[in-house]
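Understanding the architecture of this molecule
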Amino acid sequence: SETIRKYNRKATEQSVIAGKIQALKETKKLMYGHDTKEIDTLIGEWTEKLRPENRMLLEQWEDKCNVYRNEQYVYKVRDKEVRVTTHTESLSHSRIPKVSVPKFQSDADKLRWLLKENFPGEFPFAAGVFYFKREYEDPTRMFAGEGGPERTNKRFHYLSKGLSAKRLSTAYDSVTLYGENPAVRPDIYGK
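Every chain is numbered independently, its residues counted from 1 as its sequence is written. At least 70 in pLDDT is required for a residue's local features to be given in this predicted model, at least 80 for side-chain atom pairs to be given and counted, and no such filter applies to totals for whole chains, interfaces and linings, which use all residues. Heavy atoms throughout the structure, all of them, feed into the side-chain values; hydrogens and water do not.

Quick look at the overall build of the chain
Condition: Only DSSP runs of H or I with at least four residues qualify as helices, and only runs of E with at least two residues qualify as strands; both kinds are numbered from the N terminus onward. Only heavy atoms enter the contact rule, under which two residues are in contact if any of them lie within 4.5 Å.
Helices and strands together make up the secondary structure of the chain, namely 7 helices and 6 strands. Listed by position from the N terminus, the elements making up the chain come as α-α-α-α-β-β-β-β-α-β-α-β-α. Sequence-distant contacts in the chain: of pairs separated by 6 or more residues, those separated by 24 or more amount to 49%.

Put into structure tokens, the structure is as follows:
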């Protein structure tokens, strides 16, 4: 837990630094035609405190957002290219994004979000480890508990033979789910 607290403190500190750099750059724009050497020095000092990987996250923000605004999102899994449509169509034919991109203006807000939440499939995986939910690949659902692991596996293969689903969703047998032990209660052994 201390590691997480430390990470969150660092993320907040880095976000504040990003906000200060942005504020200094905006100030410099407002002082067009005036001497801005001191502001340039401050920008340099604060930029040194912003970790390189966080600078890169901010530089890639627009590109990353545009990827989710495109028609398709493309990624690779084991050298296989996967294409996913980024929007779904409602009954009223409105385009609804599957991943809603935040509309932050502040670099502090952007960096805080990137470090603490981020897009799906990106560290810290707050939105999940996959970029998008798999579609049209409903799993076969089965209960476990058919004896030992070897017997359960054999039973799964038997039950799923010839089915279109390639994935298996397994739950424990209902007796185990309710915390009972079949060895103690012979009347539920068959369940």
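There's more to say after this.
What to know about the nonpolar core
We apply this condition: Residues belong to a common nonpolar core when they are buried Ala, Val, Leu, Ile, Met, Phe, Trp, Tyr or Cys residues joined through side-chain atoms within 4.5 Å. Think of it in three bands: with a 1.4 Å probe and only protein chains considered, a residue is buried below 20% of the maximum accessible area for its type, exposed above 50%, and partly exposed in between.
Within the largest apolar cluster, 12 residues are counted, these being Trp 61, Cys 65, Tyr 68, Tyr 73, Tyr 75, Val 84, Val 99, Val 101, Trp 113, Leu 114, Phe 119 and Phe 132. Every element with two or more residues in this core is listed here: helix 4 (61-69), strand 1 (72-77) and helix 5 (107-116). Excluding residues within four positions of it along the chain, Cys 65 makes contact with Val 101 and Phe 119. By size, the runner-up hydrophobic cluster in this structure holds 8 residues, among which are Ala 11, Ala 18, Ile 21 and Leu 58.

Describing the packing of aromatic side chains
Aromatic ring pairs are reported here in terms of the distance separating the ring centres and the angle at which the planes meet. What counts, and what does not: Two aromatic rings, drawn from Phe, Tyr or Trp (for Trp, its six-membered ring), form a pair once their centres lie within 6.5 Å of each other, and the interplanar angle then sorts them: stacked below 30 degrees, edge-to-face above 60, tilted otherwise. Ring-over charges, as used throughout, are those where CZ of Arg or NZ of Lys falls within 6 Å of the ring centre and within 35 degrees of the ring normal.
Applying the stated rule across the entire model yields 14 aromatic pairs. Taken together through their ring pairs, the aromatic side chains of Trp 61, Tyr 68, Tyr 73, Tyr 75, Phe 104, Trp 113, Phe 119, Tyr 131 and Phe 132 make up a single cluster. Across from the ring centre of Trp 46, 4.2 Å away, lies the NZ or CZ of Lys 49, which sits over that ring.

Some details on unusual backbone geometry
Geometrically, the link from Phe 123 to Pro 124 is a cis peptide bond, its omega value of 10 degrees lying close to zero. As for its position among the elements, Pro 124 is in the loop between helix 5 and strand 5 (140-143). Within the chain, His 93 stands out as a residue other than glycine whose phi angle is a positive 65 degrees. Positionally, His 93 belongs in the loop between strand 3 (87-89) and strand 4 (95-97). A positive phi angle is found at Phe 125, which is not glycine, with a value near 60 degrees. With respect to the helices and strands, Phe 125 occurs in the loop between helix 5 and strand 5. Taking relative accessible area as the criterion, Phe 125 reaches 39% and is therefore assigned partly exposed.

Structural notes on the environment of Arg 83
To be explicit about the condition: Nitrogen and oxygen atoms within 3.5 Å of one another constitute a polar contact, given that in protein one can donate a hydrogen and the other can accept it, and given that sequence-neighbouring residues count only through two side-chain atoms.
Along the chain, Arg 83 falls in strand 2 (residues 80-85). Taking the C-alpha atoms as reference points, Arg 83 and Glu 71, separated by 12 residues in sequence, lie 9.9 Å from one another. In this view, Arg 83 contacts Gln 72, Tyr 73 and Val 74; residues no more than four positions away in its chain are not counted. A polar contact is formed between the side chain of Arg 83 and the side chain of Glu 81, at a distance of 3.2 Å.

A word on the environment of Gln 22
With respect to the helices and strands, the residue Gln 22 is situated in helix 1 (residues 2-30). Residue Gln 22 is classed as partly exposed on the basis of its relative accessible area of 22%. A sequence separation of 85 residues divides Gln 22 from Asp 107, and the C-alpha atoms of the two residues are 6.6 Å apart. Here Asp 107 takes part through its backbone nitrogen, which lies 2.7 Å from a polar atom of the side chain of Gln 22.

Section: the pairing of strand 2
So the rule is basically this: Each pair of strands is called paired provided DSSP finds at least two bridges between the two strands.
Examined bridge by bridge, strand 1 and strand 2 share 6 bridges and lie antiparallel to one another. Bridging from a neighbouring strand, Val 74 pairs with Arg 83 of strand 2. Between strand 1 and the antiparallel strand that follows it, strand 2, lie 2 residues; Arg 78 among them carries a positive phi value of about 50 degrees.

Considering the packing of helix 1 against helix 2 (residues 37-49)
Formally: For helices, the fitted axis covers only the stretch in contact; all axes are lines through C-alpha atoms, and the angles between them, taken along N-to-C directions, range from 0 to 180 degrees. For classification purposes, an angle smaller than 35 degrees is called roughly parallel, one larger than 145 roughly antiparallel, one from 65 to 115 roughly perpendicular, and anything else oblique. If you view the pair so one helix is near and one far, a crossing is left-handed when the near helix is turned anticlockwise from the far one by less than a right angle, and right-handed when it is turned clockwise.
At a minimum axis separation of 9 Å, helix 1 and helix 2 run at an interaxial angle of 160 degrees. By the angle between their directions, the pair helix 1 and helix 2 is classed as roughly antiparallel. Remark: the crossing between helix 1 and helix 2 carries left-handed chirality. Here Gln 14, Ile 17, Lys 20, Ile 21, Leu 24, Lys 25, Thr 27 and Lys 28 of helix 1 lie close against helix 2, whose contacting residues are Ile 39, Asp 40, Leu 42, Ile 43, Trp 46, Thr 47 and Lys 49.

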